[in-house]
Amino acid sequence: MLDALYKPKSVAIIGASTKEFSIGNRIIKNLLDFGFKGLIYPINPKADEVRGIRAYNSILDVPNEVDLAHVVIPNKFVPQAVEDCGKKGVKVAIINSAGFKEIGGEGILLEEQVVEKAREHSVRVFGPNCQGIINTSPDIRAYCNFTFTKPEEGCISIVAQSGGVGEVVNQRFSELGVGIRMYASNGNACDISIPEIIRYWGDDEETRVIVVHVENLSDPKEFMEAAKEVAVKKPILGMKTGRTKEGAKAVSSHTGGLAKVDIATELIFQKSGIVTFRDQEELCQAAVAFANQPVPKGKRVGVITNTGGPAIIAADELVEAGLEIPPLSSHAKKILKEKLYSAASINNPIDVLATGGAEHFRAALDVLMDEPQIDSIFINFVTPFFVDTDAISHEIVEVNKAQKKPIICNLMTDKRQWTKTIGMLKNGGIPCYSLPETAARALIAMTRYNDLKARKIGKAAIFNDVDREKARNIIQQAKKEAREFLSVEKVNNLLASYKIPVAKWRLVNNGVESLKAARMIGFPVVVKVDAESIVHKSDAGGIALNLKEKEVESTVKDMEKKFAPEKPRFFVQEFLSGGKELFMGAKAEEGLGHLILFGIGGIYVEILKDVAFGITPITASEAKEMLSSIKSYPLLAGFRGEKGVDQNILVEILQRVSQLVTDLPTIQEIDLNPIIAYEDRIVVVDARIRI
Ligand code: ADP
Ligand code: MG
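Because the structure is predicted, anything quoted here is derived from the model rather than measured.

> What is the right way to look at the site of ligand 1 in this model?
Close contacts around ligand 1 come from 18 residues, with K528, K537, S538, E574 and E581 the closest. Here an oxygen atom of ligand 1 and a side-chain polar atom of K528 are 2.6 Å apart. Taking Q573, its side chain carries an N or O atom lying 3.0 Å from a nitrogen atom of ligand 1. When ligand 1 is considered free in solution it has 540 Å² of accessible area, and contact with the protein chains removes 86% of it. Listed by contribution, the elements that provide at least two residues to the shell around ligand 1 are β21 (525-530), β22 (543-547), β23 (569-574) and β27 (669-677). For the shell around ligand 1, the element with the highest residue contribution is β27, accounting for 3 residues. When the residues that make up the shell around ligand 1 are grouped by side-chain class, the tally is 9 nonpolar, 4 polar and 5 charged. Both of domain 4 (504-575) and domain 5 (580-690) provide at least three residues apiece to the shell around ligand 1.

> Sorry if this is basic, but what is going on with the sheet that holds strand β6 (residues 92-95) here?
Two modes of strand pairing occur in sheets, parallel and antiparallel, and in both the strands are linked by backbone hydrogen bonds. Taken in spatial order, the 5 strands line up as β2-β1-β5-β6-β7 in an open sheet, and their pairing is parallel. Strands with a single pairing partner mark the edges of an open sheet, and in this sheet they are β2 (39-43) and β7 (124-126). Each adjacent strand pair in this sheet contributes to an overall mean axis angle of 20°, direction not counted. As defined by bridge partners, strand β5 (residues 68-71) adjoins β6 across 4 bridges and the pair is classed as parallel. Residue pairing for β6: L68 is matched across the bridge by V92.

> Can you help me understand the packing of aromatic side chains in this one?
Both the distance between ring centres and the angle between the ring planes are used here to describe each pair of aromatic rings. All chains considered together, the criterion is met by 9 aromatic pairs. Between Y6 and Y200 the ring centres are 5.6 Å apart and the planes differ by 20°, which places this aromatic pair in the stacked class. A residue pair is termed long-range when its members are at least 10 positions apart, and Y6 in helix α1 (residues 3-6) and Y200 in helix α6 (residues 194-202) qualify at 194 residues. A single burial state applies to Y6 and to Y200, both of which are buried. Between F385 and F386, the aromatic rings sit 5.1 Å apart at their centres with planes inclined by 75°, giving edge-to-face as the arrangement. We classify F386 as partly exposed; its relative accessible area is 45%. Taken together, the ring pairs connect Y6, Y200 and W201 into an aromatic cluster. One cation-aromatic arrangement involves R448 over F277; the distance from NZ or CZ to the ring centre is 5.5 Å. R656 extends its terminal NZ or CZ atom over the ring of F463, reaching a point 4.1 Å from the ring centre.

> What is the right way to look at the environment of F523 in this model?
With respect to the helices and strands, F523 occurs in the loop between α20 (511-521) and β21. Note: C-alpha distance between F523 and L547 (24 residues apart in sequence) is 7.3 Å. Setting aside residues up to four positions removed in sequence, F523 forms contacts with L515, A518, L547, K548, E549 and V552.

> How should I be thinking about helix α11 (residues 280-292) in this particular structure?
For an α-helix, 3.6 residues make a turn, and residues three or four places apart therefore share a direction. A rise of 1.5 Å per residue sets the reference length of α11, with its 13 residues, at 18 Å; its end C-alpha atoms lie 19 Å apart and thus fit the reference within 8%. Three or more residues of α11 are buried, namely L283, C284, Q285, A286, A287, V288, A289, F290 and A291. At the N-terminal end of α11, a side-chain oxygen is found 2.8 Å from the backbone nitrogen of E281, two or three residues along, and the residue is D279.

> Whenever I open this one, the domain arrangement of the protein confuses me. Can you help?
A common measure of how large an interface is: the accessible area buried when the components associate. Assigned domains within the protein: domain 1 (1-144), domain 2 (147-292), domain 3 (294-454), domain 4 (504-575) and domain 5 (580-690). Across the interface of domain 4 and domain 5, roughly 410 Å² is buried in total on both sides, 26% from carbon and sulfur atoms. Summed over the shared surface of domain 4 and domain 5, the number is 2 salt bridges. One salt bridge in this structure joins R681 and E574, with 3.3 Å as the shortest N-O distance. Taken together, domain 4 and domain 5 are joined by 5 residue pairs in polar contact (both at pLDDT 80 or more). Class assignment for the residues of the side of domain 4 that touches domain 5 results in 1 nonpolar, 2 polar and 3 charged.

> Any chance you could explain α6 here in plain terms?
The buried count for α6 comes to 7 of 9 residues, which makes it a mostly enclosed element. What α6 keeps buried is the set I194, P195, I197, I198, Y200, W201 and G202.

> In this structure, what is going on with the confidence of the model for the protein? I would like to understand it.
For any part of a model where pLDDT is low, the fine detail of the predicted coordinates should not be relied upon. With 97% of its residues at a pLDDT of 70 or more, the protein has an overall mean of 93. Across residues 245-261, confidence stays below pLDDT 50; counting only partners more than four residues off in sequence or on other chains, it has 38 contacts.

The rules behind these values
Residues numbered from 1 in each chain as written. Chains lettered and ligands numbered in written order. Predicted model: local features only at pLDDT ≥ 70, side-chain atom pairs only at ≥ 80, totals over all residues. Heavy atoms only, no water. Near = heavy atom within 4 Å. Polar contact = N/O pair within 3.5 Å; in protein donor to acceptor, adjacent residues only side chain to side chain. Areas by Shrake-Rupley, 256 points an atom, 1.4 Å probe, with all protein chains shown as cover. Helix = DSSP H or I, 4+ residues; strand = E, 2+ residues; numbered from the N terminus. Nonpolar A, V, L, I, M, F, W, Y, C, P; charged D, E, K, R; others polar. Domains from an automatic or database assignment. Pairing = 2+ DSSP bridges. Axes fitted to C-alpha atoms, helices over the stretch in contact; angles between N-to-C directions. Phe/Tyr/Trp six-rings, centres within 6.5 Å; stacked < 30°, edge-to-face > 60°. Buried < 20%, exposed > 50% of the residue type's maximum accessible area, 1.4 Å probe, protein only. Lys NZ or Arg CZ within 6 Å of the ring centre and 35° of its normal. Contact = heavy atoms within 4.5 Å. Expected span 1.5 Å × (residues − 1). Buried area = accessible area lost by both parts, 1.4 Å probe. Salt bridge = Lys/Arg side-chain N within 4 Å of Asp/Glu carboxyl O. pLDDT = per-residue confidence, 0-100.

This is how it looks when you write it as structure tokens:
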């Protein structure tokens, strides 16, 4: 419980300063200016008072209980201050001071000491190297923070790993005239973590929307669990920054190169049901809609407009994002025909015309609220001087009172002249936007949240027909051999032990043996050179495809000569013609499990970069989603008379790969490329496993 942090009855400032431009002074000023309802105890051994409030020599001298203490003193004194807090019975310490983990070296040790002292004395720590918190609740008014934005009261709670980003978001809400509920920026987060804060707000009834900004997740699993738990209760709008560093990194045939460095965080957001944004403005604008409106139950939008062009822009934006603007029922059209001007358009979008007045808007709103195939309402409202726009606002607000379906308004007006109209809408809880795209994107985000909430991820299948013991032994032996990449023999046996289908194969030492092996496999065959030093066999000229009986022995003999220095063996494999080449992979992600990759394989991996990602354990529905999310999906489904591939088996293999790496976490990377896929058969022909 973070009540002592967010609802403190008393706050001490260890390092309270009489100097105006210091953090130890600013926090006290902020608490006073914000109207903090509790008691403030400046701690300063040299001053009698700070900002007119009696100061104490030490926290231990404070006569009453202290819930929360700010620590604003040089880093090396902080562990002692935490100990003093513990002795005093302080429940939470916000350590604003910097000079910890973020500076490395000695800072890391100091932070460890802080954590140790805190545990020993049962003090929870927020920070260090952080801004602090805000609670706008009228009976608390806690501004335990040294920054400057004074938010209005509202229902959006914000946690930002970067204080700078948090401040920008707070400022933007302030400019938009939207209030917030609670705020947190916890810096190094040595104890109280973002997942813990998210959970706390999940239980906070006044928090309707949660905004999360992260740069890196220190405990991705914990984050995912907390977010998952809370996102079904209320929307979490998330933004992850620091994506681009590796974002466009050139793709190598290696799984490691394909997985963008921070793809994992995006996947975690997705898997937890967080509505993800790449743009702060879009996030803030969407938050305004979430804060005021119910979530749409589906993708179908009813549009009301009194002007043409902007409605087209909105419609484009909505439809491109997968929303629909369905036709209205004949019943609805009949009502509209009666109530609107004869020149009005009674289809969806409903054009009430620029001359349409309050009763026309009302009729259109009522119709859309009653239409079962409409989930949300988009109003495109220009304020002409020849109609009573206040009366129109009044009707919109009236209809909105029932909170039956979300209403989003693109309000095209002059903000200086139509203040009353605007004020009515805003006070009535109608999110208003100045551009149709912005309004549309807010509605799209709300619809996306509904989709995320409604989806059924299911549980990952557990295949009991796998031979775990055998797989474990293979890995253990490979470790003994101290090989980074498993031998081709081991790879094929390992895959087979998890019933991941591999092409028929034999490993041989020379040309004579190769012919015997090929006869057992059946013709035509493929011959591949096998040596630890040769990673990309085709680049090295170590692959011969589609060999007939008479070609096998001589081909292998040629390769023997060519690769003599590598002392190779030879891998004889059945030749599979005419299938589609696909790719699957897995890559270990610290603290998380493995990323699973899927895409079009062979040489196309590098050209198309058409890859879908997932996080272990993959469920069937996630695997299906991975298949259908690649751009080349039509190739899998079948295209222009060309046959598709067996997607059910692919889904199963993806899950088997997921189970394999989950059972054997020492596997760093699996690279199945290509997998040859047919309508009724899927076979791996080349695989690499790195441990
Ligand atoms: P590497 O990736 O080391 O170059 P691969 O074993 O993936 O070697 O083979 C390269 C290409 O040869 C594959 O992408 C595929 O087009 C083809 N190929 C390999 N094995 C077979 C096979 N058994 N049947 C048909 N084509 C194959
Ligand atoms: Mg290959």
